[in-house]
Amino acid sequence: DVKVTQSSRYLVKRTGEKVFLECVQDMDHENMFWYRQDPGLGLRLIYFSYDVKMKEKGDIPEGYSVSREKKERFSLILESASTNQTSMYLCASSGGVRNTGELFFGEGSRLTVL
Amino acid sequence: AQSVTQLDSQVPVFEEAPVELRCNYSSSVSVYLFWYVQYPNQGLQLLLKYLSGSTLVESINGFEAEFNKSQTSFHLRKPSVHISDTAEYFCAVSETGGFKTIFGAGTRLFVKA
């Protein structure tokens, strides 16, 4: 089975802490994405990457950064967590020879910032 | 710019009744259209997609959606729902050849016994 794996399903952090969310895919996809999911707002794109070491801002990049040192791994970093970053974070990938934009998602990481 | 509107935030329905979840989109270019489903405490998974060709697409579990270009809609339907269909459903649009996918706000489907 193809897979996108997110390292932590649930995290609780304190305001001001640095937070790392890791995502690994085994499909050799070029494109990887980080979304944030909040009730009533759907999914909002934080950052995406279309190649190793490449990154592009999505719709809500403020307060976040990303790292893609290897093709299979895409990390989301909260430099100084704040309570308004409490949310569900979803990693996804897409790609292949006939890329249609279909996204493959991880299980999600639910972050609570106290 | 693209946008996706899901017209209902919640849809309660009795088991074995038909259901329609509505989705409208706007885009100035040609698009691919998707419905994703999210079961409780899980990530999203693809339910069905329209890329080209026949405007009616079907999933393996009885859902179908019809691409209507003139009305810019991609409504999801099922003639008879099951309790196990209770989930949140997301309509999504991506530009052909593009990287980004835009999602609607989601529709929570509650199937009652």
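These remarks concern the structure in this document. Keep in mind it's a predicted model, so treat the numbers as computed, not measured.

Some remarks on the pairing of strand β8 (residues 64-68) of chain B
All names here are of chain B.
So, step 1. The alternating pattern of β8 places Ala65 and Phe67 on a buried face, while none of Glu64, Glu66 and Asn68, on the opposite face, is buried.
So, step 2. Two strands pair when backbone bridges link them, and strand β7 (residues 56-58) and β8 are joined in this way by 3 bridges, in the antiparallel orientation. Among the inter-strand pairings, Glu58 is bridged to a residue of β8, identified as Glu64.
So, step 3. With antiparallel pairing between neighbouring strands as the criterion, β7 and β8 make up a hairpin whose turn holds 5 residues, including Gly62 at a positive phi of roughly 95 degrees.
So, step 4. Inspection of the sheet shows β8 paired to strand β9 (residues 73-78) by 5 bridges, in the antiparallel sense. Counted as the bridge partner of Glu64 is Arg77 from β9.

Some points on the state of the cysteines
So, step 1. Considering all chains together, one arrives at 2 disulfides over all chains under this definition.
So, step 2. Put simply, Cys23 of chain A and Cys91 of chain A are joined by a disulfide, and their sulfur atoms are 1.9 Å apart. Disulfide Cys23 of chain A-Cys91 of chain A: torsion about the S-S bond near -75 degrees, hence left-handed. Here Cys23 of chain A is found in strand β3 (residues 19-25), whereas its partner Cys91 of chain A is found in strand β9 (residues 87-94), with 68 residues between them in sequence. For the pair Cys23 of chain A and Cys91 of chain A, a shared accessibility class is recorded, and that class is buried.
So, step 3. Between the sulfur atoms of Cys23 of chain B and its disulfide mate Cys91 of chain B the distance is 1.9 Å.

Observations concerning the environment of Thr101 of chain B
So, step 1. Along the polypeptide, Thr101 of chain B turns up in strand β11 (residues 101-103).
So, step 2. For Thr101 of chain B, a relative accessible area of 2% gives the class buried.

A few points about unusual backbone geometry
With glycine set apart, most residues show a phi of negative sign, and most peptide bonds adopt trans.
Residues and elements named next belong to chain B.
So, step 1. The backbone of Asn41 shows a phi angle near 60 degrees, a positive value even though the residue is not glycine.
So, step 2. Relative to the helices and strands, Asn41 resides in the loop between β5 (31-38) and β6 (44-50).
So, step 3. Judged by relative accessible area, which is 52%, Asn41 ranks as exposed.
So, step 4. Its identity is not glycine, yet Thr72 carries a phi of approximately 45 degrees, on the positive side.

Comments concerning the sheet that holds strand β1 (residues 4-6) of chain A
Residues and elements named next belong to chain A.
So, step 1. One open sheet holds the 4 strands; their spatial order is β1-β3-β8-β7, and the pairing between them is antiparallel. Two strands bound the open sheet, and with one partner strand each, they are β1 and β7 (65-70). This sheet shows a mean twist of 20 degrees between the axes of neighbouring strands, independent of strand direction.

As for the layout of surface pockets
So, step 1. Counted as a void, the largest pocket has a volume near 510 Å³.
So, step 2. What lines the largest pocket is a set of 28 residues, among which Gln37 and Arg110 of chain A together with Gln38, Glu88 and Arg108 of chain B lie closest to the centre.
So, step 3. Listed by contribution, the elements that provide at least two residues to the lining of the largest pocket are β4 (31-38), β9 and β11 (109-113) of chain A together with β10 (87-95) and β12 (107-112) of chain B.
So, step 4. Classifying every residue of the lining of the largest pocket gives 10 nonpolar, 13 polar and 5 charged.

Observations concerning the interface of chain B and chain A
So, step 1. Taken together, the contact between chain B and chain A spans 20 residues of the former and 22 residues of the latter.
So, step 2. There are 1 salt bridge connecting chain B and chain A.
So, step 3. Across the pair Lys49 of chain B and Glu102 of chain A runs a salt bridge, and its minimum N-O distance is 2.8 Å.
So, step 4. Taken together, the connections running from chain B to chain A amount to 6 residue pairs in polar contact (both at pLDDT 80 or more).
So, step 5. Looking at the side of chain B that touches chain A, the elements that each hand over two or more residues are β5, β6, β10 and β11 of chain B.

About the cut-offs
- Residues numbered from 1 in each chain as written.
- Chains lettered and ligands numbered in written order.
- Predicted model: local features only at pLDDT ≥ 70, side-chain atom pairs only at ≥ 80, totals over all residues.
- Heavy atoms only, no water.
- Buried < 20%, exposed > 50% of the residue type's maximum accessible area, 1.4 Å probe, protein only.
- Helix = DSSP H or I, 4+ residues; strand = E, 2+ residues; numbered from the N terminus.
- Pairing = 2+ DSSP bridges.
- Disulfide = S-S within 2.5 Å.
- Axes fitted to C-alpha atoms, helices over the stretch in contact; angles between N-to-C directions.
- 1 Å grid on protein atoms, 1.4 Å probe; cavity = no way out; pocket = protein on both sides within 12 Å on 5 of 7 lines; lining within 4 Å.
- Points joined across faces, edges and corners; volume = space filled by probe spheres on them.
- Nonpolar A, V, L, I, M, F, W, Y, C, P; charged D, E, K, R; others polar.
- Contact = heavy atoms within 4.5 Å.
- Salt bridge = Lys/Arg side-chain N within 4 Å of Asp/Glu carboxyl O.
- Polar contact = N/O pair within 3.5 Å; in protein donor to acceptor, adjacent residues only side chain to side chain.

Read these as layout, nothing more, since geometry by itself doesn't imply function.
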